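Overview (structure and organization)
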Amino acid sequence: MTALLSRTGARVERLPLSRFTTLGVGGEAEVWFAETHEQLREAMEQPYRILGGGSNLVIADEGVPERVIRLSGALAERDLTPDPHLSEDPWVVTGWVGGGVPLPGLIRQLQKLGLSGLEGTVGIPAQVGGAVWMNAGTRYGEMFDGLHTLEIVTPEGTRQVTPDDLNWGYRDSGIPRNHIVTRVRLKLRRAAPEEVLAKMDFADQARKGQPKMKTPGCAFKNPGGVSAGKLIDEAGLKGSRVGNALIAPEHANFIVNLGGATAADVHALLGLIRDRVPVPMELEYELWPAPGNA
Ligand code: FAD
Ligand code: EPU
């Protein structure tokens, strides 16, 4: 299907979702590129899913029947100018940063501007909206360290909330699924760019042992602060392979695509991990559609 324009001018195209995921897996769906709030509201008139950087997703080879919304245009722009009414030295509250902004470039830009607070999230290949939705982070910091206000859009309307309004925690914003984080204002501290860079480099060191292949990152959340990777490793599962998906020899909580892996291959490895690791672990990956929901 060639691209069509919707009633409000959103570009709509049937596309393979593998193109949008870091795992490189996922069948076709109707993708709505929403550039404005008006286009977003139209996209949400039918059942939908919201796609960010695709860096935590395992999407079925059959694709998904719902509309898949991607924030772009004005919803992927950033205004990092300090708001004079909300900023008070050393704190800077920025203008709006769109949910569709790629996080890695934003983190580099904040470092150059000498704005500290989010550098611990260096290396997370997400979009801002996706990273906020699951409060992505590392041992050195998480998204909720640097948020002032969040704008959330649902089919019922648009509202602004602060972190205090949400029940957030480790890898969890408390925002219900399919409530779309359209933009956020950041609250950061003025610091020397070299100081921010040093913290970024330190946090990045922790990634040296992570695999470099196509992957959606860690498969399971760390139960009670224990490394799920260590538990999977201790169960002897490093290097286990189903089809073209592999439990990475570098870090057992990463499943990688050796080339041509299918969602079913990844599901089989997740099942193997669940069977063999004695500790209950919550999945970090998002499965589209959820199992039993196909
Ligand atoms: P997607 O994968 O596109 O979607 C994930 C979920 O977020 C879906 O439910 C989706 O519907 C929802 N979502 C997406 N955008 C929005 C939005 N605008 N509003 C509301 N909901 C939305 N994660 C960490 O926490 N720490 C790490 O250190 C880390 N390292 C990684 C390293 C690699 C190499 C990779 C590939 C992944 C890593 N991840 C890490 C996992 C991943 O980057 C995070 O889970 C990230 O938050 C996913 O964001 P995304 O924008 O890619 O979302
Ligand atoms: N370990 C093993 N074997 C493995 C993996 C890890 O023994 O296969 C051991 C390591 O040797 C180390 C300990 O477990 O002693 C912790 O490992 P690591 O430093 O890699 O941290 P992690 O807890 O496994 C977490 C996050 C990562 C994040 C890193 C760095 C989760 C689920 N994982 O991993 O986040 O990048 O810390 O801060 O919280 C993600 O969420 O997708 C992700 C990649």
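Residues numbered from 1 in each chain as written. Chains lettered and ligands numbered in written order. Predicted model: local features only at pLDDT ≥ 70, side-chain atom pairs only at ≥ 80, totals over all residues. Heavy atoms only, no water.

If you look the protein up in an unreviewed UniProt entry, it shows as UDP-N-acetylenolpyruvoylglucosamine reductase from Deinococcus soli. What UniProt records for the protein under Function (unreviewed entry) is the sentence "Cell wall formation." (UniProt positions renumbered as here; feature names shortened; annotations may be inferred.)

1. Focus: unusual backbone geometry
Across the junction of Asp-89 and Pro-90, the peptide omega takes the value 0 degrees, indicating a cis bond. Locating Pro-90 in the fold gives a position in the loop between β6 (67-71) and β7 (91-98). The omega torsion of the bond from Trp-288 to Pro-289 falls at -15 degrees, within 30 degrees of zero and hence cis. You can see Pro-289 is positioned in the segment after β17 (286-288). Positive phi outside glycine occurs at Asn-135, with the angle close to 45 degrees. By the element assignment, Asn-135 lies in the loop between α3 (128-133) and β9 (137-138). Positive phi, normally seen in glycine, also occurs at Asn-178, with a value near 70 degrees. The residue Asn-178 is located in the loop between β12 (157-161) and β13 (180-190) in this model. Owing to a relative accessible area of 23%, Asn-178 belongs among the partly exposed residues under this scheme. (Helix = DSSP H or I, 4+ residues; strand = E, 2+ residues; numbered from the N terminus. Buried < 20%, exposed > 50% of the residue type's maximum accessible area, 1.4 Å probe, protein only.)

2. Brief notes about helix α6 (residues 263-276)
Along its 14 residues, α6 runs 20 Å from first to last C-alpha, staying within 8% of the 20 Å computed at 1.5 Å per residue. Turning to α6, its buried residues number three or more, namely Ala-263, Asp-265, Val-266, Leu-269, Leu-270 and Ile-273. Take α6 and look down its axis: the buried residues cluster within an arc of 160 degrees, on one side only. Next to the buried residues of α6 lie β5 (57-59), α5 (228-234), β14 (241-242), β15 (245-247), β16 (255-257) and β17. (Expected span 1.5 Å × (residues − 1). Arc of directions from axis to C-beta. Contact = heavy atoms within 4.5 Å.)

3. Notes on the UniProt feature "active site" (unreviewed entry) in the protein
The sites that UniProt annotates as "active site" (unreviewed entry) are Arg-171, Cys-218 and Glu-284. In three dimensions, the annotated residues from a span of 114 residues occupy one location, with a maximal C-alpha spread of 11.4 Å. Among the secondary structure elements, Arg-171 is positioned in the loop between β12 and β13. Apart from the residues lying within four places of it in its own chain, the contact partners of Arg-171 are Met-134, Asn-135, Ala-136, Gly-137, Thr-138, Lys-221 and Glu-284. Polar side-chain contacts of Arg-171 include one of 3.0 Å to the backbone oxygen of Gly-137. Since its relative accessible area comes to 21%, Cys-218 is described here as partly exposed. Every residue in contact with Cys-218, bar those within four places of it in the chain, is listed here: Asn-56, His-251, Asn-253, Phe-254, Glu-284 and Tyr-285. (Polar contact = N/O pair within 3.5 Å; in protein donor to acceptor, adjacent residues only side chain to side chain.)

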